[in-house]
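# What the coordinates show
Next come the chains, spelled out residue by residue.
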Amino acid sequence: MRLVPGDGVGPGAGPTEDPARACELWLAVADARMGNGEPAEHPEVEGAVDRAHHQWQFVQDRARAGALAPLLIELRGRVPGRRPGALEAVRRQAELRRGPVRTG
């Protein structure tokens with residue numbers, strides 16, 4: 001599967017109408033590629049994980065974001081990407097999202 005700019009989830013795309021679904025799809029792409037023997041350092045694998053991470057940041061529904069967080073953290077642990085601190089950024093954001101809901 002190769003997605004291109006302008007498809008709503010391709011490289012450089014902003015959040016989609018359903019960033020949680022886009023995140024799920026990119027996680028599946030990365031997992032499938034690694035399952036087919038591509039190494040974690042392969043640019044297409046790294047790109048899929050980076051895109052999943054990017055879309056996850058835009059998930060507004062706390063329950064969906066919380067459900068995706070462990071999957072993203074596990075995958076980010078195997079595919080750290082080229083930017084230092086990506087795994088810690090996901091962990092930190094996931095922790096913040098688990099915090100109390102603020103009202104008022």
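The structure this text deals with has already been given above.
## Quick notes on the nonpolar core
Counting residues in hydrophobic clusters, the biggest one holds 22 residues, and the most contacted among them are Leu27 and Trp56. Mapped onto this core, the elements with two or more residues apiece are helix H1 (19-35), helix H2 (43-56), helix H3 (62-78) and helix H4 (86-98). Here this core gets 7 residues from one element, more than from any other, and that element is H1. Those residues within four positions of Trp56 in sequence are excluded, and the remaining contacts are Cys23, Ala65, Leu68, Ala69, Leu72, Val90, Gln93, Ala94 and Arg97.

## Considering the pattern of salt bridges
By the definition in use, this model includes 11 salt bridges. Taking the shortest distance from any N to any O, the salt bridge between Glu24 and Arg21 comes out at 3.2 Å. Note that Glu24 and Arg21 are positioned in helix H1 at a spacing of 3 residues, about one turn of the helix. Two residues, Glu74 and Arg78, come together in a salt bridge whose shortest N-O distance is 2.9 Å. Within this pair, Glu74 and its partner Arg78 are both found in helix H3, separated by 4 residues, close to a single helical turn. Judged by relative accessible area, Arg78 falls into the partly exposed class, the value being 37%. One salt-bridge network, in which partners are shared between bridges, spans Asp18, Arg21, Glu24 and Arg64.

## Digging into the packing of H1 against H3
To characterise two packed helices, one gives the angle between the axes of the helices and the distance between these axes. Where H1 contacts H3, the two axes come as close as 11 Å, and the packing angle between them is 30 degrees. Regarding the angle of H1 to H3, the classification is roughly parallel. Handedness of the crossing formed by H1 with H3: left-handed. Contacts between H1 and H3 involve Ala20, Arg21, Cys23, Glu24, Leu27, Ala30, Asp31 and Met34 from the former and Arg64, Leu68, Leu71, Leu72, Leu75 and Arg78 from the latter.

Rules used in this analysis
For every chain, the first residue of the written sequence is number 1, and numbering continues from 1 onward in sequence order. Note on the predicted model: pLDDT of at least 70 is required for a residue's local features to be given, and 80 or more for side-chain atom pairs to be given and counted; whole-chain, interface and lining totals, by contrast, use all residues. The basis for every side-chain value is the complete set of heavy atoms in the structure, and neither hydrogens nor water enter the calculation. Definition of nonpolar core: a set of buried residues of the types Ala, Val, Leu, Ile, Met, Phe, Trp, Tyr and Cys, connected through side-chain atoms within 4.5 Å. For every residue, the accessible area obtained with a 1.4 Å probe (protein chains only) is divided by the maximum for its type, and the residue is called buried under 20%, exposed over 50%, and partly exposed between those limits. The way it works is that DSSP assigns letters per residue, a run of H or I at least four long becomes a helix, a run of E at least two long becomes a strand, and they are numbered from the N terminus. Throughout, a contact is declared for two residues whenever any of their heavy atoms are within 4.5 Å. Salt-bridge detection follows one rule: a side-chain nitrogen of Lys or Arg within 4 Å of a carboxyl oxygen of Asp or Glu. Lines fitted to the C-alpha atoms define the axes, with helices restricted to the stretch that makes contact. Angles between their N-to-C directions range from 0 to 180 degrees. Angle categories are assigned with fixed cut-offs, so that under 35 degrees is roughly parallel, over 145 is roughly antiparallel, 65 to 115 is roughly perpendicular, and the rest are oblique. The crossing is said to be left-handed when, going from far helix to near helix, the turn is anticlockwise and less than a right angle, and right-handed when the turn is clockwise.

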